[in-house]
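Survey of secondary and tertiary structure
One letter stands for each residue in the lines below.
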Amino acid sequence: ALVITTTSPLPAATATVAYSQTFAASGGSGGGYSWSATGLPAWLNLSAAGALTGTPPLTAINATFTVKVTDSSNDSTSGSFTVPVTLAITTTSPLPTGQVGVNYSQTLTAIGGSGQYTWAVSVGSLPGGLSLNSATGLISGPPTTAAASNFTIQATDSSQATASQAFALTINPAASIQTLSPNSANAGLSLQVSITGSYTHFVQGTTVASFGPGIAVGGAAAGQPGPVTVASPTSATAEIAIGASAATGSQTVTVTTGAEQATLANGFSVQAAIPYISL
């Protein structure tokens, strides 16, 4: 009898790596076998000589198809075959850096295997405040602690095949204002104040600052956030105008860039207006 001697499953393929496997048969009228297939994925091709070749893309999954062999007497037989595509996590380490208090979001990805993936932390733990969605592979949440973490993520497909990968993730401290120069002035004056931040991400046209009641920043209404001139992610200059009747004392300075907010409590002090006589 004509028989396909190659067995299923075939050797596993790896995404982006060229794949090659040759089918074999015995019996029938002997020799001169002709091969064909139905249900092949787009990345696989079967030649009449029985050579199965192709390069699986990153999106490839296990491929199951039917192979038919025909002998020189036109007798034929067929069988179902599967090419497993090796399950692998494609997200690389280290993961993008996070920051305390700023919502973190990073989705892990994998290739190969079959069906849906299930995600889990198999070794170690995520930084405080973060969680892993087992169905989507999304790591998210507002980090609560600045630290460098190392952990291992495992992906499992519907056939219970698994793949693991070690990851490093650094969470930086919360953004803060380190210095203001000068950090005090008299009511009724206008001046420039240099702002130096730590772990900040100042952006020209986006970053705004507030110096408290009675102080106008960058032409905005007194007490409201106003634009600053950004020199780098950690340095900016604010043009402020202190109202003549502004209350004396220390003010909290807040610099906001999108969702990021950095503050310096009692960072700027308003002193009494300089007395003068008009003649």
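Bear in mind that the values here come from a model prediction, so they are computed numbers and not experimental data. (Residues numbered from 1 in each chain as written. Predicted model: local features only at pLDDT ≥ 70, side-chain atom pairs only at ≥ 80, totals over all residues. Heavy atoms only, no water.)

**Considerations on the sheet that holds strand E8 (residues 76–83)**
The strand order across the open sheet built from three strands is E4-E7-E8, with neighbouring strands paired in antiparallel fashion. Each edge of the open sheet is held by one strand with a lone partner, namely strand E4 (34–38) and E8. Mean inter-strand twist for the sheet, computed between neighbouring axes without regard to direction, equals 25°. The pairing of strand E7 (residues 63–70) with E8 spans eight bridges and is classified as antiparallel. Within E8, the residue paired with threonine 64 across the bridge is threonine 82. (Pairing = 2+ DSSP bridges. Helix = DSSP H or I, 4+ residues; strand = E, 2+ residues; numbered from the N terminus. Axes fitted to C-alpha atoms, helices over the stretch in contact; angles between N-to-C directions.)

**Details of unusual backbone geometry**
Proline 94 follows serine 93 through a cis peptide bond whose omega is 0°. The residue proline 94 is located in the loop between strand E9 (88–89) and strand E10 (98–99) in this model. Backbone torsion omega between serine 181 and proline 182 reads -5°, so that peptide bond is classified as cis. Topologically, proline 182 is positioned in the loop between strand E18 (176–181) and strand E19 (184–186). You will see that asparagine 74, though not glycine, has its phi angle at about 70°, which is positive. Despite not being glycine, tyrosine 199 has its phi angle at roughly 60°, a positive value. Along the chain, the position of tyrosine 199 falls in the loop between strand E20 (190–198) and strand E21 (208–210).

**What to know about the pairing of strand E15 (residues 138–141)**
Side chains of E15 alternate between two faces, with Ile139 and Gly141 buried and Leu138 and Ser140 left unburied. Strand direction decides the pairing type here: strand E11 (residues 104–107) and E15, joined by four bridges, are antiparallel. Within E15, the position partnered with glutamine 106 by the bridge is isoleucine 139. Across two bridges, the pairing between strand E14 (residues 131–132) and E15 is antiparallel. Bridging from a neighbouring strand, serine 131 pairs with serine 140 of E15. Here E14 folds back onto E15 in antiparallel fashion, the turn holding five residues, of which glycine 137 has a positive phi close to 75°. (Buried < 20%, exposed > 50% of the residue type's maximum accessible area, 1.4 Å probe, protein only.)

**Quick notes on the pairing of strand E26 (residues 249–257)**
Relative to E26, E21 runs antiparallel, the two being bridged by three bridges. Residue pairing across strands places alanine 209 opposite valine 255, the latter belonging to E26. The hairpin turn running from E26 into strand E27 (residues 260–271), its antiparallel successor, is two residues long, and glycine 258 in that turn takes a positive phi close to 60°.

**Some points on the environment of asparagine 186**
Among the secondary structure elements, asparagine 186 is positioned in strand E19. A residue is classified by how much of its surface remains accessible, and asparagine 186, at 18% relative accessible area, is buried. Each C-alpha atom, one on asparagine 186 and one on serine 122, is 60 Å from the other, the two residues being 64 residues apart in sequence. Residue contacts for asparagine 186: discarding those within four places in its chain leaves Ile242, Gln271, Ala272, Ala273 and Ile274. In this structure the side chain of asparagine 186 is engaged in a polar contact, spanning 2.8 Å, whose partner is the backbone oxygen of alanine 272. (Contact = heavy atoms within 4.5 Å. Polar contact = N/O pair within 3.5 Å; in protein donor to acceptor, adjacent residues only side chain to side chain.)

**A look at the nonpolar core**
As a rule of thumb, soluble globular proteins bury nonpolar side chains together. Counting 25 residues, the largest nonpolar core has Ile195, Phe211, Ile240, Ile242 and Phe268 as the members making the most contacts within it. With four residues, the top contributor of residues to this core is strand E25 (residues 235–242). Each residue touching isoleucine 240, except ones within four places of it in the same chain, is listed here: Leu189, Ser190, Leu191, Val193, Phe211, Ile215, Ala216, Val217 and Phe268. (Core = buried A, V, L, I, M, F, W, Y, C linked by side-chain atoms within 4.5 Å.)

**Topic: the environment of alanine 175**
In this structure, alanine 175 sits in the loop between strand E17 (162–172) and E18. Distance from alanine 175 to valine 208, taken between C-alpha atoms, is 14 Å for residues 33 residues apart in sequence. If sequence neighbours within four positions are ignored, alanine 175 has contacts with Gln99, Ser198, Tyr199, Thr200, Glu260, Gln261 and Ala262.

**Notes on the confidence of the model for the chain**
Per-residue confidence for the chain averages 94 on the pLDDT scale, and 99% of its residues sit at or above 70. Taking the mean pLDDT of every element in the chain, the minimum, 86, falls on strand E12 (residues 110–111) and the maximum, 98, on E14. (pLDDT = per-residue confidence, 0-100.)

**Describing the sheet that holds E14**
The sheet built from three strands is open, its strands ordered E11-E15-E14 with antiparallel pairing. Here the strands that pair on one side only, and so sit at the sheet edges, are E11 and E14.

**Side note on the side chain of threonine 200**
For threonine 200, the position within the fold is in the loop between E20 and E21. Classification of threonine 200 by relative accessible area gives buried; the value is 3%. There is a polar contact of 2.8 Å between the side chain of threonine 200 and the backbone oxygen of proline 233. The residues contacting threonine 200, other than those within four sequence positions of it, are Ala175, Ser176, Pro233, Thr234, Glu260 and Ala262.

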